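Notes for the structure review
Residue-level listing of the chains:
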Amino acid sequence: MMGRLSLLLVLSLLAFAPLVFVPQAEAAQMRGDTLLMTGAGSTFINPLFSKWFSEYNKENPKVELNYQSIGSGGGIKQLQKKTIDFAASDVPMTDQEMSDAGGAVLHFPVAIGAVVLSYNLPMLKADLKLDSDVISALVRGTIKKWNDPKIQALNAGVQLPDQAVVFVYRSDSSGTTGVFTDYLGKADPTFAKEVGVGKAIKWPTGLGGKGNEGVTANIKNTVGSIGYVELTYALSEKLPRATLKNKDGKFVKADLDSVTEAAGQAIKTLPADFRGSLTLAAGAKSYPIAAFTYLLAYPRTAAPAGKEIERVLTWAFDKGQSFSAPLGYSPLPKTLVTKLKAKIKDVSGQ
């Protein structure tokens, strides 16, 4: 009888106790004395992560980091299911996405990149100049030929071809799409209403490709095409990239300096949880489609994954930044790194 009463008392106390949900990653495992960890998400950051994790393994041979380049949307879904230890995304998670994950998710900007408009116009003898109005019209399909007067007005003295436009877009749920549509939505409110802003868009026209790799391949194989890809992919594949008109009305090409300038302007108003946007940043030298890539992790992630993610982040903010520029990413500003380091311990909660 006393045992039954004790059980009832415990159950009644639990009924009124506050529910505390501490999400835990379930992917980390040991193989002998080697820790195996898995991440997934952004294709944008894949070239840098591949280099980072290779270098980290050289210094820490008993830790193997496997990263799956499946797109930001896919990475977030895997994190929500807790089948991976960390994710990567080029756009911050929404409040709803974090709610679906069971609570707050930590956002650590690890690099700054750019989305560029690359094109296949071998007959063009000069750099292409575009503004947000023309880009919006190209992706909507309302500009159908490259010698359209609106494009010609931005490229005075340049002979544009009488060639059909083929817009190439991401077919998967993508942070690159999120950044690109964030830019267009800010520049053109009607775009946000009529086409949409987010990681997965039903485009009114064009040719889809999976990942930055797929979009890059479609651009290379299709004369007359234009598509949005991460700067690193355009550089590695030697694709031309358009010079874009920025918020201050200046035409700027994506490079380390213009992307760093955009980030420097935008982080002045970056919220405490680091979820912010770098697109259409002020400044005459700012490139208008810059973006953070975030490493995403749960707070209070259980050992051994939690402490190892903290060590990886510490390494990334110190040694890892030196690998960014050679691969086409801008290193993080030192003032931001200082703030990020103060948050690293939140991953394990220790």
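Everything discussed here concerns the structure shown above.
Residues numbered from 1 in each chain as written. Predicted model: local features only at pLDDT ≥ 70, side-chain atom pairs only at ≥ 80, totals over all residues. Heavy atoms only, no water.

1. Structural notes on helix α9 (residues 211-221)
- Buried within α9 we find Gly211, Asn212, Gly214, Val215, Thr216, Asn218 and Ile219.
- Looking at the packing, one finds that the buried side of α9 touches β5 (106-119), β7 (166-170), α7 (175-187), β8 (207-209), β9 (225-230) and α10 (231-236). (Buried < 20%, exposed > 50% of the residue type's maximum accessible area, 1.4 Å probe, protein only. Helix = DSSP H or I, 4+ residues; strand = E, 2+ residues; numbered from the N terminus. Contact = heavy atoms within 4.5 Å.)

2. Concerning the packing of helix α5 (residues 132-140) against α7
- In the contact formed by α5 and α7, the axes pass within 10 Å of each other and the chain directions differ by 120°. The angle between α5 and α7 places the two elements in the oblique class. The chirality of how α5 crosses α7 is left-handed. Between α5 and α7, the contacting residues are Ser132, Ile135, Ser136 and Val139 on the first element and Phe180, Tyr183, Leu184 and Ala187 on the second.
- For the contact of α5 with α7, a count of residues per class yields six nonpolar, two polar and no charged. (Axes fitted to C-alpha atoms, helices over the stretch in contact; angles between N-to-C directions. Parallel < 35°, antiparallel > 145°, perpendicular 65-115°, else oblique. Left-handed = near helix turned anticlockwise from the far one by under 90°. Nonpolar A, V, L, I, M, F, W, Y, C, P; charged D, E, K, R; others polar.)

3. Quick notes on the nonpolar core
- Formed by 107 residues in total, the largest nonpolar core has its most connected members in Phe49, Leu130, Phe180 and Trp203.
- The element contributing the most residues to this core is β5, with 10 residues.
- If we ignore the near neighbours within four places in the chain, the residues touching phenylalanine 49 are Tyr67, Phe86, Ala88, Val110 and Leu295. (Core = buried A, V, L, I, M, F, W, Y, C linked by side-chain atoms within 4.5 Å.)

4. A closer look at the sheet that holds strand β11 (residues 251-252)
- Across the sheet, three strands lie side by side as β6-β10-β11; this open sheet has mixed pairing. Every interior strand has two partners, whereas the edge strands, β6 (129-130) and β11, have only one. (Pairing = 2+ DSSP bridges.)

5. A word on the side chain of aspartate 85
- Along the chain, the position of aspartate 85 falls in the loop between α3 (72-81) and β4 (86-89).
- Salt bridges are absent for the buried aspartate 85, whose nearest opposite-charge side chain, arginine 311, sits at 12 Å. (Lys, Arg positive; Asp, Glu negative; His and termini not counted. Salt bridge = Lys/Arg side-chain N within 4 Å of Asp/Glu carboxyl O.)

6. What to know about the pattern of salt bridges
- All told, the structure shown has 18 salt bridges when counted by the stated rule.
- With a closest N to O distance of 3.3 Å, glutamate 55 and lysine 58 form a salt bridge. Of this pair, glutamate 55 and lysine 58 both sit in helix α2 (residues 46-59), three residues apart, roughly one helical turn.
- Given a relative accessible area of 59%, lysine 58 falls into the exposed group.
- Between lysine 341 and aspartate 318 there is a salt bridge, with its nearest N and O atoms 2.5 Å apart.

7. So, the pairing of strand β2 (residues 34-41)
- Burial analysis of β2 places eight of its eight residues in the buried class, which makes it a mostly covered element.
- Side chains of β2 alternate between two faces, with Thr34, Leu36, Thr38 and Ala40 and Leu35, Met37, Gly39 and Gly41 buried alike.
- Here strand β1 (residues 29-31) pairs with β2 via three bridges, running antiparallel. By the bridge assignment, methionine 30 is partnered in β2 with leucine 35.
- Sheet topology places β2 next to strand β3 (residues 63-69); seven bridges connect them, and they run parallel. Bridge pairing links glycine 39 to tyrosine 67 in β3.
- Once you follow β2 into α2 and on to β3, the crossover reads as right-handed. (Right-handed = clockwise from strand over helix to strand, strands pointing away.)

8. A few points about the side chain of aspartate 148
- Here aspartate 148 lies in the loop between α5 and α6 (149-154).
- At 6.1 Å, lysine 150 is the nearest oppositely charged side chain to aspartate 148, a buried residue that forms no salt bridge.
- Among the polar contacts made by the side chain of aspartate 148, one reaches the main-chain amide nitrogen of lysine 150 at a distance of 2.8 Å. (Polar contact = N/O pair within 3.5 Å; in protein donor to acceptor, adjacent residues only side chain to side chain.)

9. Quick word on unusual backbone geometry
- Of note, the amide linkage connecting alanine 303 to proline 304 takes the cis form, showing an omega dihedral of 5°.
- Tracing the backbone through its elements, the reader meets proline 304 in the loop between β12 (290-297) and α12 (305-318).
- With a phi close to 55°, lysine 238 is a non-glycine residue in the positive phi region.
- Of note in this structure, phenylalanine 274 is not a glycine but carries a positive phi near 70°.

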